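Each chain, letter by letter, is given below.
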Amino acid sequence: MTVGSYRRRLDASKLVVTRSKVLSEAHNPTDLKFGKHFTGMSPQYLDFLLFLSGPNLSITANATDIDHMLLIKWNLNSGWCDPEIVPYQPIALDPSCGSLNYAISCFEGMKAYLSPQNAPLLFRPLDNLRRMNSSAERIALPTFDVNELLKCIASLVELDKRFLNVKRGTKRGSLYLRPNLIGTSPGLGVGPPTSALLYVIASPVGEYFSSASTAGISLLASSNLGATRSWYGGAGNRKIAANYAPTIMPQLQAERLGCQQVLWVMERDCRITEAGTTNLFVVLRGEDERSVLITPPVDGMILPGIIRDSVLSLARERLEGRGWEVVERIITMAELRDAAKDERLIEMFCTGTAAVVVPVKEIVWGECVVSCRGEENSGMGEIAGLMKSWIEKRQYGQERHEWSVETVSLGGVN
Ligand SMILES: *Cc1c(COP(=O)(O)O)cnc(C)c1O
């Protein structure tokens, strides 16, 4: 079925902004916890949130954080409605809708940063929005014009940009943006939704800095738990909600066994794919003494991360010339164990938007513990550290690069 031309396309020039009457105070970024800060809202909604949060009171204690959200409705007859920016607020859903019953729901994770010239920057935002379309397509949700959505998101960031303007010492703040697209049409039949809601919320975050990100984390191979995250023919390569709920129990088991994250391995040969919700890189010294940077291939099993792609691209630009080999290939636990034994496993790290780069200290696999940092044992490896600083220089606009887009260049707030 082709989309009829009478269905309206997403049009950012139609954006309507209703400003929040109560503006909240920007936080010291060192006080921020990832994903816990959202709203500048009415006392009634605070009561509601208190109930929703249960014992997780930190969400309410900090619930005066961000002021606005972006909402765009869609239905099969009329297409995309005019985008709206409104004060952060609850959304009403029919209890029978597909997002609640069948996880017809996908999302993105992207960030805005402040440049030295005090201009908000988005990092590779079109890559996120294209990936969101690929997720939407997989679960029968409508797709959208990525350039138009980007303009709307730029307006949201412009409106709430004072949350970027906080700095304490060396800690910089940034604004995590969470676009969601969900099926909203009522009806219990498993089928394509006839209406949907695209919304974007924002959450101020501090610079990711914890003992784990400096000392390195321990991973538990998912084969030890009999768990898996993706499979051939599945949808593990899309950021769809259905991929995440089933990972929570394995994650809790890993923590109970003293590890910080699950290392998702696959097949009889325990090939590595991802760790938690991050991509993976391995640095080996090859048999010919050449240094090799390896990451699992985009073969449908992994989420094609934007930080992953950024690391690959920087490695090809700056390491290959120095004699490095940069490869996307299958790498198994047995290969990692043997490399560690021969002292050829130099470092391993995880990548993702939230933390950029986190070093891996060790992997618990079956009965063995594979140490990933050789003689140094823990800490940020040379390549992990270089990648983190190279990427952050572009994210914060210290190095001007096409990956960073100024929100003002995308059109302001109406
Ligand atoms: C989002 C995500 C990543 C990281 O992607 P980035 O674009 O680099 O943030 C990796 N793995 C999974 C499963 C993810 O959901």
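See the structure above.
Residues numbered from 1 in each chain as written. Predicted model: local features only at pLDDT ≥ 70, side-chain atom pairs only at ≥ 80, totals over all residues. Heavy atoms only, no water.

Peer 1: Please explain the pairing of strand β19 (residues 356-365) as it appears in this structure.
Peer 2: Every regular strand shows the same layout, with side chains that alternate between the two sheet faces. Among the 10 residues in β19, eight count as buried, and that is most of the element. In this sheet, β19 lies alongside strand β12 (residues 217-221) in parallel orientation, the contact comprising four bridges. Bridging across to β19, Ile-217 finds its partner in Val-360. Here four bridges tie strand β18 (residues 345-352) to β19, and the two strands are oriented antiparallel to one another. When the sheet's bridge partners are listed, Cys-350 is paired in β19 with Val-358. In this structure, β19 lies alongside strand β20 (residues 368-371), joined through four bridges in antiparallel fashion. Bridge assignment links Ile-363 to a residue of β20, and that residue is Val-370. (Buried < 20%, exposed > 50% of the residue type's maximum accessible area, 1.4 Å probe, protein only. Helix = DSSP H or I, 4+ residues; strand = E, 2+ residues; numbered from the N terminus. Pairing = 2+ DSSP bridges.)

Peer 1: Help me understand unusual backbone geometry, please; the structure alone is not making it clear to me.
Peer 2: Of all residues except glycine, most have a negative phi; of all peptide bonds, most are trans. One non-glycine residue, Arg-124, adopts positive backbone phi at about 45°. Checked against the element boundaries, Arg-124 lands in the loop between β7 (120-123) and α4 (125-138). A residue is classified by how much of its surface remains accessible, and Arg-124, at 10% relative accessible area, is buried. Phi at Val-356 takes a positive value of approximately 65°, unusual for a residue other than glycine. Within the secondary structure, Val-356 is located in strand β19. Since its relative accessible area comes to 4%, Val-356 is described here as buried.

Peer 1: So what exactly am I meant to see when it comes to the packing of α4 against helix α5 (residues 146-159) here?
Peer 2: When two helices pack together, their arrangement is captured by the angle between the axes and the distance separating the axes. The N-to-C vectors of α4 and α5 enclose an angle of 125°; their axes lie 10 Å apart at closest approach. In terms of axis orientation, α4 runs oblique to α5. Relative to α5, the crossing made by α4 is right-handed. Contact residues: Pro-125, Leu-126, Leu-129, Arg-130 and Asn-133 in α4; Val-146, Asn-147, Leu-149, Leu-150 and Ile-153 in α5. By residue class, the composition of the contact of α4 with α5 is seven nonpolar, two polar and one charged. (Axes fitted to C-alpha atoms, helices over the stretch in contact; angles between N-to-C directions. Parallel < 35°, antiparallel > 145°, perpendicular 65-115°, else oblique. Left-handed = near helix turned anticlockwise from the far one by under 90°. Contact = heavy atoms within 4.5 Å. Nonpolar A, V, L, I, M, F, W, Y, C, P; charged D, E, K, R; others polar.)

Peer 1: When you look at the pairing of strand β14 (residues 271-275) in this model, what are you seeing that I'm missing?
Peer 2: When you tally the buried positions in β14, you get five out of five residues, the bulk of the element. Where strand β13 (residues 261-266) and β14 come together, four bridges link them in antiparallel fashion. Bridging from a neighbouring strand, Val-265 pairs with Ile-272 of β14. Two successive antiparallel strands, β13 and β14, enclose a turn made up of four residues, where Glu-267 displays a positive phi of approximately 65°. Bridge analysis of β14 against strand β15 (residues 278-285) gives two bridges, and the strand direction is antiparallel. Among the inter-strand pairings, Glu-274 is bridged to a residue of β15, identified as Asn-279. Hairpin remark: β14 followed by β15, antiparallel, with two residues in the connecting loop; positive phi at Gly-276, about 60°.

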